[in-house]
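Observations on the three-dimensional arrangement
Next come the chains, spelled out residue by residue.
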Amino acid sequence: MKNQRDERKKKIKALIYDKHYRPMKQKEIGYLMQVTPEDRPEFVKLLEELVEEGSIEVTKRGKYKPIEKEVLKGVFTCTKNGYGFVTVEGKEEDYYINEKNMNGAFHEDTVLIETIDTQRKSGHHTEAKIIKILERGLKTIVGTLEKNQNFGFVVPDNQRFDSDIFLSKEECKNLTSGFKVLVEITDYGDERHSPEGKIIEVLGHRDDPRVDILSIVKAYNIPTEFNELIEKQLKTIPVEIDGDDYPGRKDLRDLPTVTIDGEDAKDLDDAITLSKKGSHYLLGVHIADVSEYVTEGSPLDQEALKRGTSVYLVDRVIPMLPHQLSNGICSLNAGCDRLALSCLMEIDEEGKVVDHEIAETVIRVNERMTYTSVAAILEGDLNERKRYENLVSMFELMKELSDILRERRHARGSIDFDFPESKIILDKKGHTVDVFPQVRNAATKIIEDFMLCANETVAEEFYWREIPFLYRTHDIPDGEKIDKLQAFLQNFGIYLKINREELHPMEVQKLLTKIEGTPEEPLISRLTLRSMKQAKYTVQCSLHFGLSTRYYCHFTSPIRRYPDLQIHRIIKENLHGTFTPERFAHYERILPKVAEQTSKTERRADETEREVEKLKKAEYMKRRIGEVHRGIISSITSWGVYVELPNTVEGMIHVSKLPGDFYYYDEATYSMVGERTGRQFKLGEQVKIRVAGVDMLLKNIDFDLEEDDDGEDQWNKADRQ
């Protein structure tokens, strides 16, 4: 039905854009196209839709004609500085929208734009104006209630929504100023009137414990509750199983099996077995068989797709699946029989997978290990080695194989950016008490190497099977960004080799190896990372640039990632011989939508995690105002110099606060340069700063530059007190 309507719209549009066409009224076009009386209502609706979409326009006299200027449809992104950009699908560059040309649009609205002047540029962007709002993007807003005697208004947390939302006196109920609320926008207002809304959820007072993080979660529309249909489905799922009840599965319960995770992890979705046959390694990567319980199209499945991924925040996990599954029957808990989908690999002494089998299995984990404990065993800790003496030889074998796999990836050009992640510790009330870098140890690298190996093995098999599948791809970096990086590297006498106008991952890896241990390493590593594109889910098995592999997918985390769950179903249908032409067509139809949805929810989760991290770091530094610390310049923009401290906290020295000169940003050298003195601040340079202030609403930390007099760093002093 939809295809038929689209075809009719194409015919109408083709007529109106025909070179012999002259503007006509509705009836005249209908007569010309021989529209029957019974089809006339739909014909009128199609004309209206074409006008709405910006495909055609109608004159004041009611005559339909082609659009004179190019009209494009896109999504508007508003910046915190007032202006914005519109992203149009298929166009490489966004269109710049001046504040005066927004026409009432708000952040994330779907809009029609018209270019103002194709020669007129703002930076690299063509300037345009918004001529119509097709669909509102933000339908709910989280903010702080401010109330007076006769009415109230909500000040949005989202700085890109630049208008307060009016609430009637009745809508404010018994609430007082300072409450965090989720508001549904009922009227977006105009030049003279503010947007209006109604409260749909009270999150708590802004001073209440953990309300700050909940506000961010709600602002990103991340679901936190499971509905009654899901609760009903959960009652049909067993709490425990007996592996003997599954004779059709490969029984691996006698193999020494371990999970290795963080201390606080509860959703254990991968387990490892490892032994040796001659010079070859027999590696088993056993993944929780979530698809056995979360069936396609069920309420659990629909909710999992909607969420796309679990979200890991500093004080909570918002799971993709309910805890009864993620921490229960699907979690590979020690001592319990569990259903798994296993990738059993035979790997030679050079790290090549020479044979493999993907099978439905029953496993039983012997020990629930932590990264800390396994790393201690490998470092020779006598207490840990005695405690797990029956497994020590397997952990040593794991380290041996991990090193081989890592070396093989390195040899083919895989890129490894080893930036430490932040670890944030909160007290019982949710306040930040410590922030420090979390460095990968030998155990985390073992699990990373084994999971990568399984993911590649599964992806390659299903690529050659030529059936619909979901891959994890990472495109070749943008040419313009690489050109900029190349120009910058020449300042250090470094040249990237580019073949056929394309960069090979091996060249990036060579670059990182070359600068390892040098003063320029932090600077060049960061700039190189910023030149990379974002990985995403696709139905095409094109390339994973960062891993330097043609074949890659996400197979190893179905409890917390929907793409893994999705491909488990495909794998199992293939194993059972039920992958019929009908199922082939089914997956061809649904997988592009799954790829788009899960890529979108992954970005949403990443942004939420970043915002919470920024908030908690800002809260931590608020108590350290006036302290002096040393840090590294991590980023430079036209408005200031960003400095990262050893504990991973980043703050900014505003350009106006740089002493002794007027400074400008030199884009070619990524440095801030004094006009008169020529003094430069460069990426990677070490500087001394004083914590000047913190804006909790914007989550910004401000630094002042301190002249370096080799005085004591108050970081250590404060930690000793």
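Residues numbered from 1 in each chain as written. Predicted model: local features only at pLDDT ≥ 70, side-chain atom pairs only at ≥ 80, totals over all residues. Heavy atoms only, no water.

1. A short note on the overall build of the protein chain
- Along the protein chain, the regular secondary structure elements total 18 helices and 35 strands.
- For a compact globule of 721 residues, the expected C-alpha radius of gyration is about 27 Å, and the protein chain comes in at 29 Å, within 12% of that figure.
- Out of the 721 residues belonging to the protein chain, those deemed buried represent 48%.
- Intrachain contacts of the protein chain at a sequence separation of at least 6 include 66% that bridge at least 24 residues. (Helix = DSSP H or I, 4+ residues; strand = E, 2+ residues; numbered from the N terminus. Rg over C-alpha atoms; globule rule 2.2 N^0.38 Å. Buried < 20%, exposed > 50% of the residue type's maximum accessible area, 1.4 Å probe, protein only. Contact = heavy atoms within 4.5 Å.)

2. Regarding a nonpolar patch on the surface
- Where nonpolar side chains cluster on the molecular surface, the patch consists of Ile 425, Val 433 and Phe 436 and spans about 210 Å² of accessible area.
- Positionally, Phe 436 belongs in strand S23 (residues 432-438).
- Phe 436 sits in the partly exposed class, given a relative accessible area of 31%. (Patch = residues over 30% accessible without salt bridge, like charges linked within 9 Å, V, L, I, M, F, W, Y side chains within 5 Å. Areas by Shrake-Rupley, 256 points an atom, 1.4 Å probe, with all protein chains shown as cover. Salt bridge = Lys/Arg side-chain N within 4 Å of Asp/Glu carboxyl O.)

3. Considerations on empty space enclosed by the protein
- If you walk through the whole model with that rule in mind, you get 1 cavity of 30 Å³ or more.
- Of the voids in this model, the largest cavity is the one considered here, and its volume is about 50 Å³.
- Ile 222, Pro 223, Arg 307, Thr 309, Val 311, Ile 318, Pro 319, Thr 601, Arg 604 and Ala 605 together form the lining of the largest cavity.
- Ranked by residue count, the leading element in the lining of the largest cavity is helix H17 (residues 581-622), at 3 residues.
- Of the residues belonging to the lining of the largest cavity, the class tally is 6 nonpolar, 2 polar and 2 charged. (1 Å grid on protein atoms, 1.4 Å probe; cavity = no way out; pocket = protein on both sides within 12 Å on 5 of 7 lines; lining within 4 Å. Points joined across faces, edges and corners; volume = space filled by probe spheres on them. Nonpolar A, V, L, I, M, F, W, Y, C, P; charged D, E, K, R; others polar.)

4. Things to note about the side chain of His 629
- Mapped onto the fold, His 629 is located in strand S28 (residues 628-637).
- Taking the relative accessible area as the measure of exposure, His 629 reaches 1% and is therefore buried.
- Side-chain polar atoms of His 629 contact the side chain of Glu 627, separated by 3.1 Å. (Polar contact = N/O pair within 3.5 Å; in protein donor to acceptor, adjacent residues only side chain to side chain.)

5. Quick word on the pattern of salt bridges
- The full count for this structure, using the stated rule, is 53 salt bridges.
- Measuring nitrogen to oxygen at the nearest pair gives 3.8 Å for the salt bridge that ties Arg 206 to Glu 146. Of the two residues, Arg 206 is situated in the loop between strand S12 (196-205) and helix H5 (211-219) and Glu 146 in strand S8 (residues 140-147); the sequence distance between them amounts to 60 residues.
- Residue classification places Glu 146 among the partly exposed positions, given a relative accessible area of 26%.
- Residues Arg 569 and Asp 301 are paired through a salt bridge, measuring 2.7 Å at the closest nitrogen-oxygen approach. Here the residue Arg 569 occupies a position in helix H16 (residues 562-576), and Asp 301 occupies one in helix H7 (residues 299-307), the gap between them amounting to 268 residues. Note on accessibility: Arg 569 and Asp 301 belong to one class, buried.
- Residues participating in the shared-partner salt-bridge network are Arg 406, Arg 409, Asp 416, Arg 440, Glu 448 and Asp 449.

6. Quick notes on the sheet that holds strand S31 (residues 663-666)
- In spatial order, the strands read S31-S32-S33; together these 3 strands make up an open sheet with antiparallel pairing. The open sheet has two free edges, formed respectively by S31 and strand S33 (680-682), since each of these has just one partner strand. For this sheet the average axis-to-axis angle between neighbouring strands, irrespective of direction, equals 20°.
- Pairing analysis gives 4 bridges linking S31 to strand S32 (residues 671-674), with the strands arranged antiparallel. In the sheet register, Tyr 664 faces S32, and the bridge partner there is Val 673. (Pairing = 2+ DSSP bridges. Axes fitted to C-alpha atoms, helices over the stretch in contact; angles between N-to-C directions.)

7. Overview of the packing of aromatic side chains
- Going through the model one piece at a time under the given rule, you end up with 13 aromatic pairs.
- Pairing Tyr 83 with Tyr 96 gives two aromatic rings, centres 5.8 Å apart and planes at 45°, and the pair type is tilted. Note that Tyr 83 is positioned in the loop between strand S3 (71-78) and strand S4 (84-87) and Tyr 96 in strand S5 (residues 95-97), a separation of 13 residues in sequence.
- Tyr 83 sits in the partly exposed class, given a relative accessible area of 30%.
- Summarising the aromatic geometry, the rings of Phe 106 and Tyr 188 are spaced 6.1 Å apart at their centres and angled 40° between planes, so their arrangement reads as tilted. Here Phe 106 is found in the loop between S5 and strand S6 (110-122), whereas its partner Tyr 188 is found in the loop between strand S11 (179-187) and S12, with 82 residues between them in sequence.
- With a relative accessible area of 10%, Phe 106 lands in the buried category.
- Three or more aromatic residues link up through ring pairs in this structure, and these residues are Tyr 83, Phe 85 and Tyr 96.
- Positioned over the ring face of Tyr 188 is Arg 136, at 4.2 Å from the centre of the ring.
- In this structure, Arg 472 is placed above the aromatic ring of Tyr 537, and the distance from its NZ or CZ to the ring centre is 4.6 Å. (Phe/Tyr/Trp six-rings, centres within 6.5 Å; stacked < 30°, edge-to-face > 60°. Lys NZ or Arg CZ within 6 Å of the ring centre and 35° of its normal.)

8. Focus: the pairing of strand S22 (residues 421-426)
- Here S22 shows a buried face lined by Ser 422, Ile 424 and Leu 426 and an unburied face lined by Glu 421, Lys 423 and Ile 425.
- Of the strand pairs in this sheet, S22 and S23 are connected by 6 bridges, and their pairing is antiparallel. Residue pairing in the sheet places Glu 421 in a bridge with Gln 438 of S23.
- Remark: 5 residues form the turn of the hairpin made by S22 and S23, two consecutive strands paired antiparallel; Gly 430 in that turn has positive phi of roughly 90°.

9. Remarks on the side chain of His 554
- Considering the arrangement of structural elements, one finds His 554 in the loop between strand S27 (536-538) and H16.
- With a relative accessible area of 11%, His 554 lands in the buried category.
- Looking at His 554, its side chain comes within polar contact range of the side chain of Tyr 537, at 2.8 Å.
- When sequence neighbours within four positions are dropped, the list of residues in contact with His 554 reads Asn 455, Arg 472, Tyr 537, Arg 561, Pro 563, Asp 564 and Ile 567.

10. What to know about H17
- In this model, H17 (42 residues) spans 61 Å end to end at C-alpha, consistent with the 62 Å of a helix rising 1.5 Å per residue.
- Where H17 bends most, the angle comes to about 35°, and this point is Ile 590, followed within four residues by the proline Pro 592. (Expected span 1.5 Å × (residues − 1). Bend = angle between axes of the 7 residues up to and from the residue.)

11. Quick notes on the packing of helix H9 (residues 371-378) against helix H12 (residues 442-465)
- Two elements in contact, H9 and H12, have axes separated by 7 Å at closest approach and are oriented at 110°. One finds that H9 runs roughly perpendicular with respect to H12. On the side of H9, the interface is formed by Tyr 371, Val 374, Ala 375 and Leu 378, while H12 contributes Ala 442, Ala 443, Thr 444, Ile 446 and Ile 447.
- Class assignment of the residues belonging to the contact of H9 with H12 gives a composition of 8 nonpolar, 1 polar and no charged. (Parallel < 35°, antiparallel > 145°, perpendicular 65-115°, else oblique.)

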